[in-house]
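Chain and residue survey
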Amino acid sequence: MPRRFPLWPPVPDAVAGGRAAADVRWMRRALEEARAAGDAGDVPVGAIVVHDGREIVAARNRMVQDHDATAHAEMLAIRGAAVAGGDARLGGCTLYVTLEPCAMCAGAIVLARLDRVVFAAWDDKAGFAGSVGDVLRHPRLNHRPEVQGGVLEEEAAELLRAFFRDRRVPATEVGALSGGTDVPR
């Protein structure tokens, strides 16, 4: 079945404004999705798949909502774009995501054959686009997308910091909740 989305015309300002301007524009859109994820109680990560200057699909983390450990924004965006395009291969597409992809998502990106991955914040604990490891550019794999990190990095990082800061229990409350010890149960 032929891919459907190449028939959509490109958005002129995204094409004419240059790659850096388009990257910022689409990352701002991904940040909207991230905020919606945070508002729903999920870790605030958003993703957008773009083809020829057009948004194909937008997704956000839904792990908590869906009770599904694989419901990362990137996975949902890749699945949605594959359905929209009628093809599991997403050549010609760029994935914008607000946090460096984990190992699972990086593997899916390689298998989907995305041309480009643009992310905002680096993830020193679980990122596999250069932080902990680099699945996306591993020399033994048969597909290696172009990778750009750090687009609107501080904005995405602050969104994540605020999300987790708002969920932390102050140490004085931890002791009260755990029967007087400083270790939560």
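In this text, all values refer to a predicted model and were calculated from it rather than measured experimentally.

Quick notes on the packing of helix α4 (residues 73-85) against helix α5 (residues 103-112)
At their nearest, the axes of α4 and α5 sit 9 Å apart, and the two run at 20° to each other. With respect to their mutual orientation, α4 and α5 come out roughly parallel. Remark: the crossing between α4 and α5 carries left-handed chirality. For the pair α4 and α5, the contacting residues are Glu-74, Met-75 and Ile-78 in the first and Met-104, Cys-105, Ala-108, Ile-109 and Ala-112 in the second. A breakdown of the residues in the contact of α4 with α5 according to their chemical character gives seven nonpolar, no polar and one charged.

Some details on the packing of helix α2 (residues 18-39) against helix α6 (residues 153-167)
The contact between α2 and α6 brings their axes to 11 Å, and the two run at 5°. When the interaxial angle is binned, α2 and α6 end up roughly parallel. Contact with α2, carried on its side by Arg-28, Leu-31, Ala-34, Arg-35 and Gly-38, involves Glu-155, Ala-156, Leu-159, Phe-163 and Arg-167 of α6 and no other residues of that element. Within the contact of α2 with α6, the residues separate by chemical class into five nonpolar, one polar and four charged.

Looking at α6
Taking 1.5 Å as the rise per residue, α6 with 15 residues should run 21 Å; its terminal C-alpha atoms sit 22 Å apart, in good agreement. Burial in α6 covers these residues: Ala-156, Ala-157, Leu-159, Leu-160 and Phe-163. All buried residues of α6 project into a common sector of 155° when viewed along the axis, lining one side. Residues Glu-154 and Asp-166 are exposed on α6 and point more than 90 degrees away from its buried face. In this structure, the buried side of α6 is in contact with α2, β3 (93-99) and β4 (116-121).

Digging into the environment of Arg-144
Residue position: Arg-144 is located in the loop between β4 and β5 (146-148). Arg-144 sits in the partly exposed class, given a relative accessible area of 44%. Taking C-alpha positions, Arg-144 is 7.9 Å from Arg-113, a pair spaced 31 residues apart along the chain. Side-chain polar atoms of Arg-144 contact the backbone oxygen of Pro-139, separated by 3.3 Å. Here the side chain of Arg-144 touches Leu-141 through a polar contact of 2.5 Å, landing on its backbone oxygen.

Each value, and the rule that gives it
Residues numbered from 1 in each chain as written. Predicted model: local features only at pLDDT ≥ 70, side-chain atom pairs only at ≥ 80, totals over all residues. Heavy atoms only, no water. Axes fitted to C-alpha atoms, helices over the stretch in contact; angles between N-to-C directions. Helix = DSSP H or I, 4+ residues; strand = E, 2+ residues; numbered from the N terminus. Parallel < 35°, antiparallel > 145°, perpendicular 65-115°, else oblique. Left-handed = near helix turned anticlockwise from the far one by under 90°. Contact = heavy atoms within 4.5 Å. Nonpolar A, V, L, I, M, F, W, Y, C, P; charged D, E, K, R; others polar. Expected span 1.5 Å × (residues − 1). Buried < 20%, exposed > 50% of the residue type's maximum accessible area, 1.4 Å probe, protein only. Arc of directions from axis to C-beta. Polar contact = N/O pair within 3.5 Å; in protein donor to acceptor, adjacent residues only side chain to side chain.

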